[in-house]
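Next come the chains, spelled out residue by residue.
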Amino acid sequence: MSFCTKTPQGKKSSAPDPSAFVHLYRILKDRFGPSGWWPGESPLEVAVGAVLTQNTAWINVEKAIDNLKKHGMLDLGKLAAIDQGELAQLIRASGYYNIKARRLKNLVSAAASGYDSLEAFLGQDLNSLREILLQTNGIGKETADSICCYAADKTIFVVDAYTKRILMRHGIIDNSSTYDQIQGLFQQNLPPDLGLYKDLHAYLVFIGKDCCRPSNPRCGTCPLHSWP
DNA sequence: TGCCAGGCCGGGT
DNA sequence: ACCCGGCATGGC
């Protein structure tokens, strides 16, 4: 795969050139094309995956989701009805299964109470949806924004560990930068385009698996070799 | 074998 | 306002 040749920087000199983000998008778009993200066949599957992937490798999340499908549980009503302990066993492969079962229950409760359908829940305006998600125990900013962006098609940019590490390695931010600050950099320096946000976050995850890790110091084919 | 993965919470300082 | 331990399986 493609690793990053950058050496750790860990400090930002000043506000980045706004065109750097457009440039970043163009580089990765040229390299990867349409991302096809988030993996998931339905908004519910996307939302469930967003919770299950918390600090967890996606390969394990896939196993858990496949298991839920196999048992016909990828359904809002079924998830609302199932015993939490049984749900935990079904998602065992994704790790943290007890706490994640509780978090899924919390999410399902939020989505099922006061709404006619998942579509109605996800269809409300971005600020309302995000607030409700953030008030749900077990849903933090990244999970909330992942659901807003990829399940509800709201124009909001998702920040994750890869995003932080890549921007740090390239000297755009320092390690004290907050989630909101990093999100602001993307949203203030890019046009508010849902498809662009979806793809760019996906690209960062694609390369983040291998790129800009301290343990993977060298590879000449990193698409961000000369960025910014 | 040991380290890590697309976080988040709750308690302590 | 930070800092840290806990949560857990499966892949390399």
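Because the structure is a prediction, the values reported are computed rather than measured.

A.B. asks: Pulling in residues and values, what's your account of the protein's contact with DNA strand C?
C.D. replies: Close contacts around DNA strand C come from Asn 55, Thr 56, Ala 57, Ile 59, Asn 60, Arg 92, Ala 93, Gly 95, Tyr 96, Tyr 97, Asn 98 and Ile 99, and that covers them all. Listed by contribution, the elements that provide at least two residues to the surface near DNA strand C are α3 (58-70) and α6 (97-112). Top contributing element to the surface near DNA strand C by residue count: α6, with 3 residues. Here the surface near DNA strand C is built from residues that sort into 6 nonpolar, 5 polar and 1 charged.

A.B. asks: Let's hear about α6: which residues, and what values?
C.D. replies: Taking 1.5 Å of rise per residue, 16 residues should cover 22 Å, and α6 covers 22 Å from first to last C-alpha, within 8% of that figure. Contacts made by the buried residues of α6 are with α2 (43-52), α4 (76-81), α5 (84-90) and α7 (118-123). Of the residues one or two after α6, Gly 114 is the one with positive phi, at around 90 degrees.

A.B. asks: If you had to explain the environment of Ile 65 to someone new, which residues and values would you point to?
C.D. replies: Counting through the fold element by element, Ile 65 comes out in helix α3. Sequence separation of Ile 65 and Asn 106 is 41 residues, and the distance between their C-alpha atoms is 18 Å. Each residue touching Ile 65, except ones within four places of it in the same chain, is listed here: Glu 45, Val 48, Gly 49 and Leu 52.

A.B. asks: Go over the protein's contact with DNA strand B, please, and point to the residues and values.
C.D. replies: Lining the immediate surroundings of DNA strand B are 24 residues, of which Gln 54, Asn 55, Gly 140, Thr 143 and Ala 161 lie closest. Where the surface near DNA strand B is concerned, the elements lending two or more residues are α9 (141-151) and α10 (161-169). The dominant element in the surface near DNA strand B, judged by the number of residues it contributes, is α9, at 4 residues.

About the criteria used
Residues numbered from 1 in each chain as written. Chains lettered and ligands numbered in written order. Predicted model: local features only at pLDDT ≥ 70, side-chain atom pairs only at ≥ 80, totals over all residues. Near = placed C-beta within 6 Å. Helix = DSSP H or I, 4+ residues; strand = E, 2+ residues; numbered from the N terminus. Nonpolar A, V, L, I, M, F, W, Y, C, P; charged D, E, K, R; others polar. Expected span 1.5 Å × (residues − 1). Contact = placed C-beta atoms within 7 Å.

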